Each structure stands twice: as structure tokens, then as C-alpha cells.
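This is what each chain is made of:
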Amino acid sequence: MDNIVACETCGLVQQVDPMPKGAVALCTRCHFQLVHRKPNSRIRTLTFSLAALILYFPSNIYPLVTAEYHGLHSETTIFRGIHSLFQEHQYFIAGLVFCTSILSPALKIIGLLFISITLNWKGWERARTWTYKVIRVIDPWNMLEVFLLAISVAMIEMGRVATVHPGPGVFSFTAVVALTLLATLSFDPRLIWDPPEEKRRYE
Amino acid sequence: MNEPGENLNSDVSLPKAKIRKTRRSWWLWLIPLGAAALCVWFVYRDYIATGPLVTINFQDASGLEENNTQVRYLGATVGQVKTLRLTKDNKHVEVKARLSGSATQLARVGSVFWIVRPEVKLGAISGLRTIVSGEYVAVRPGDGPRTNSFVGAEKEPASEEPGALHITLLLPSLGSLQEQSSIYYRGVQVGEVLRYQLASDSRGIVLQARIRKEYAALVRDNSKFWNAGGLDVRFGLFRGAEVSAESAKTLLSGGIEFNTPPDTGPPATDGAVFRLYEKADDAWKNWMPVIHLDLPEQAPETEQPKQPNQSNPLGGKMKGLNDE
């Protein structure tokens, strides 16, 4: 029973011969990878979320937007932007920006790190499941303002009078977005409840 | 479709999957490594490859903004104001500015920092751009050893002109003269007023002025200086009222004119003292001395090689003066 696998892409049920280490099976019809679990899932999630954690700090310290207005130079980090929104009594928008751009990426990165580190620990299955649920809930609310930034840069390009450029923080910011995305994509939630000895077969 | 039971036993009826080698997964660790390298580079660029943090004490720092106001030199941005703080005696503002790495050489003993503000005076408008863009800190580099602590100037210091002739004029009252009033020779501007102050016995004004290097030979020991500013109104019984002004510009901002008698005396030395007359004798204006000048052909910045001829007899002395 163990050597019969259905292709996740085209649905063809097929037989897989015992494989040497470091080999993958390809579907005979559509040539997609045949896997019981996503390959290298744990190490991928771990490395992607670790890189995201490292870049999370510069993305919040360095300015996202630099504006030139008649030679007047101003730079804005996410935190300063939220601060000025609060001072203008825009509490709802300030809270929204805080949740989507500071809180939710932090939670997501920490959650993914937690899951990928504790994956081989017995007795932590419930905590892992709960964490994964939280990640699934906050996932769509991530980093909306990169798109807002793209729009505002396109709009406020007024030549000599005023220009808005993405600042040095924007690279690490987009990198955090991409890395957390890759980390969630490469994580296989079925691993959460797999017993450790079985997991070793999929690594 | 086959029955599930059959499926288990008859493997032959199922197609066989292909087997292929995979890549190793160690390269995944390069991603967090690259992220860490990027962070290290950010830190290096912002904290190690930057210039010094200089402290400037200003009497008045109005218009400066923390983390916003720029420090500029020759139109290029060379730094940014980071913090503004009162000094302990509450009399000055301590401005800390971060210079960029390439501008480290600007922070020297003798460097002058001042704040450029919009200024509208009679005869001149300056810093017009700062009305919109806000004040900025300008710097003129000195040539002493490196230092990070400066006292800010009130306003732009008069530009140093190597080789210029510095003279002192004594006058009873200032009239319409002011700093940067021009000094004319036959209507051509050849110098300017640097600064003035009351004489120590408070009976007159002591005024420091500068004649440009190429015109220094015009000033002789027996030259006469007179006030060319303001209106000169004369009433005469037969000629009625006669109004004369040197020019519209001197009418507004004041000016000094001088002339040298035809039997020219020895050239004035640096620091020579002259009396500034209220009015010129009619005879003074008609003097036509022959003085040879070594004028640059066009652009004033093209440095002429110094020649020991009559036109620049003070070259050596002035070099020494500038080193002070």
C-alpha cells in the first residue's frame, strides 16, 4: 500500500519503486513530482523564515519612502508613519497599518520558526496545530502597504517639484514578504502530526 | 476501474513512476546567510562608512529640524542635522550633524558653519530657495587639523579672497553704509565693506574694507575716499537746486568711492588707515592718474601667475597675512 501514490497534479494512481536516498519520483503522465509530503519541507520553512526574521529588522528601521519636496528631504519608516497617523487621530488606519505591517509579519515569522523547530518534538502537536491555524488566519493580511507604496510612488512623481522614491528599507521589506510567502508555501501541514520516525523518511 | 482489493495485489496494472536524483538541500542555508550579510552591509554603510558627528553651537537655530535639515557645501548635500539641544547655560543651541563619509575633510579647525535663511536687503536678495525648502546649514572648510566641535557663525562670513588689500577707514558717522557696501573707482566696483564698529572713544566709526587683488594698486598713500551713497542736494542762488547721486544702487545700499592724485604716492600697505570724507572735492573727481593694472582677461577665477611687477607689489605681504 505504501508504494502506491496518486499524483497530486493529474490524479494518476501509480506505483513507486523503493527509491535510493536523494531521489524523487516523477509522475509518469504529467512529470510532476510525486511526494508523500512536500520535499525538504522543514528545512525550507526553517531557512526561509530565519532569513525573513533577519531582514525584518532593517525593513522596520530603514525608511520605506523618501520624499523630496523642493529640496526638502523627508524619510519615513513604517513606525513613524503609524505614529503620525495616530497624531492625526486616524486610529483605525493606524491600527490597520500596525497590524498588517508590523504585527502580522512578526507573528507569522515567529510561528513558522516555532513549528519548524519543534517539528520533531513529541507532545507539541496541539501547539503546532494551533500556531498553524493562527498563521492561516493572518496570512491574507500581510504587507498590504507595499502595494499602497507602489501606487503612491506612481502618483507622486512630479518632477522637480516633488518626488517620492522607495527608500532603502523597501528592499528588505519586499524580501520579508517574499520569504514568508515561500516559507508558508513550502510547509506541509501534514508533518505536524507525523510521528518523528516517519518524518525522517520524507526528509 | 479496478476494485480496491485488486489494486493492492496486482501491481502490474499500475503505471510505474520515474525515479530522478534530487539536489541536496544544504544550499537553502545560503538564504539566511545572505540575509545576514545584507544586514551587515547595512550596518557598515550607516555606522562605519559615514563621516564624523560634528557639534555646532548656534546662537539661534530657528528653522532647523532634527533628522531633516541638510548640511550643504558648494550645493552638494554633505550631511544632515541629527539633534538640536540647548546647552547647559540655556544660551546656545547645540546642533549635532552627521557628515557623510566623503565630507570628513570639511570638519577642520577654521571651518565655518552658518545657517542660510532667506534674506531681503536693499540691493540684494539671497537664500530665496530656502523660503520653500527650509533653512539649511552651509559650511566653509578651514585648513586646520581635524575637529568635531564648532561655533556656528551668525551669518555667512565674508568670503576669503587671497591677495586682497585690507584697509581701514575712519568716518564720523555711518550714514547709509552697511556691510557689503561696494567700493568704487570711477564707478567700477573694486572692493567692499567687510565690517564696521564704533571707535573705542565712540567719536566715530572704524570701518574695515577690502580692495580686490587686481585693483589693489589703485590705492596709494595719498588716495582720497569719500562717501558716494545717498543724495547730494545743493542749492545755489543762480543755478537753483542740483541733485546728484552716484548711482541708483549706492543711493539705496550706500557706497564708497575713491580716487588717487596724478602724482601717485607709494602703494598702500595692508592695514593702511584712511579718512572717509563726507563729500568729494570737485578736484578729486577729475584726477586722472596713470596706474597699470594686471587684470585677468575674462574669468576672475583663472589664477594669474604672480609677477613681481608694479601691479601687484603687495603679493608677498598678503600671503603672510592670510596665514594668520
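In what follows, the accompanying structure is described. From a predicted model like this one, the values you see are computed outputs, not experimental measurements. Along each chain, the written sequence defines residue order, and numbers are assigned to residues from 1. Think of it this way: whatever chain is written first is A, whatever ligand is written first is 1, and the rest follow in order. The predicted origin of the model limits local features to residues at a pLDDT of at least 70 and limits the giving and counting of side-chain atom pairs to 80 or more, whereas totals for whole chains, interfaces and linings rest on all residues.

1. Looking at the overall build of chain A
Note the threshold: Secondary structure elements are defined from DSSP: runs of H or I of at least 4 residues count as helices, runs of E of at least 2 residues count as strands, and each element is numbered from the N terminus. Placing a C-beta atom from the backbone of each residue, one calls two residues in contact when those atoms lie within 7 Å.
Scanning chain A from N- to C-terminus turns up seven helices and seven strands. Reading chain A from its N end, one meets helices and strands in the order β-β-β-β-α-β-β-α-α-α-α-β-α-α. Considering only contacts within chain A whose residues lie at least 6 apart along the sequence, 64% involve residues at least 24 apart.

2. Things to note about the pairing of strand β9 (residues 136-140) of chain B
Residues and elements named next belong to chain B. As a reminder of what qualifies: In this scheme the burial state of a residue depends on its C-beta neighbours within 10 Å: 20 or more other such atoms mean buried, 12 or fewer mean exposed, and anything in between means partly exposed; the C-beta positions come from the backbone. Pairing between strands requires that DSSP locate at least two bridges from one strand to the other.
By the criterion of burial, β9 is predominantly enclosed, with four of the five residues buried. Here two bridges tie strand β3 (residues 70-73) to β9, and the two strands are oriented parallel to one another. Bridging from a neighbouring strand, valine 71 pairs with valine 137 of β9. Two elements, strand β6 (residues 112-116) and β9, share five bridges in a ladder whose sense is antiparallel. Counterpart to phenylalanine 113 in the pairing with β9 is valine 139.

3. Considerations on unusual backbone geometry
Positive phi, normally seen in glycine, also occurs at A:His89, with a value near 65°. Mapped onto the secondary structure, A:His89 falls in the loop between α2 (78-87) and α3 (91-117). When the 8 C-beta atoms within 10 Å are taken as the criterion, A:His89 is described as exposed. Located in the positive-phi region is B:Asn90, a residue other than glycine, with phi close to 60°. Its place among the elements puts B:Asn90 in the loop between β4 (76-86) and β5 (93-99). Overall, the presence of 7 C-beta atoms within 10 Å leaves B:Asn90 in the exposed class.

4. Side note on the nonpolar core
Note the following rule: For this entry, the nonpolar core is defined as buried Ala, Val, Leu, Ile, Met, Phe, Trp, Tyr and Cys residues connected by C-beta atoms within 7 Å.
By size, the foremost hydrophobic cluster in this structure holds 26 residues, and its most contacted members are A:Ala51, A:Ala52, A:Leu55, A:Val176 and A:Leu179. Mapped onto this core, the elements with two or more residues apiece are α1 (41-61), α3 and α6 (169-186) of chain A. Per-element accounting of this core gives the leading share, nine residues, to α1(A). Not counting chain neighbours up to four residues away, the residues in contact with A:Ala52 comprise A:Ile109, A:Val176, A:Leu179, A:Thr180 and A:Ala183. Counting 25 residues, the second-largest nonpolar core is a separate cluster that includes B:Ala209, B:Tyr215, B:Leu218 and B:Ala268.

5. Looking at the packing of α3(A) against α6(A)
Residue and element names in this part refer to chain A. Cut-off, in case you're wondering: Here an axis means a line fitted to C-alpha atoms, over the contact stretch when the element is a helix, while the angle between two N-to-C directions is reported on a 0 to 180 degree scale. When describing relative orientation, an angle under 35 degrees is termed roughly parallel and one over 145 degrees roughly antiparallel, while 65 to 115 degrees is termed roughly perpendicular and anything else oblique. Crossings are assigned a handedness: left-handed for a near helix turned anticlockwise from the far helix by less than a right angle, right-handed for a clockwise turn.
Where α3 meets α6, the closest approach of the two axes is 11 Å, and the angle between their N-to-C directions is 40°. Looking at the two axes, α3 sits oblique to α6. Judged by the sense of rotation from one axis to the other, the crossing of α3 with α6 is left-handed. Contacts between α3 and α6 involve Pro105, Lys108, Ile109 and Leu112 from the former and Val176, Thr180, Ala183 and Thr184 from the latter.

6. Regarding the sheet that holds β5(B)
All names here are of chain B. As summarised here, the arrangement of the seven strands in space is β6-β9-β3-β4-β5-β2-β10, forming an open sheet in which the pairing is mixed. For this open sheet the edge positions go to β6 and β10 (149-151), each flanked by a neighbour on one side alone. In this sheet, adjacent strand axes meet at a mean angle of 30° when their direction is disregarded.

7. Notes on the sheet that holds strand β4 (residues 33-34) of chain A
With antiparallel pairing, three strands are arranged side by side in an open sheet as β4(A)-β3(A)-β1(B). Here the strands that pair on one side only, and so sit at the sheet edges, are β4 of chain A together with β1 (18-21) of chain B. With four bridges connecting them, strand β3 (residues 23-26) of chain A and β1(B) associate as antiparallel partners. Each residue of the ladder has a partner; that of A:Ala23, found in β1(B), is B:Lys21.

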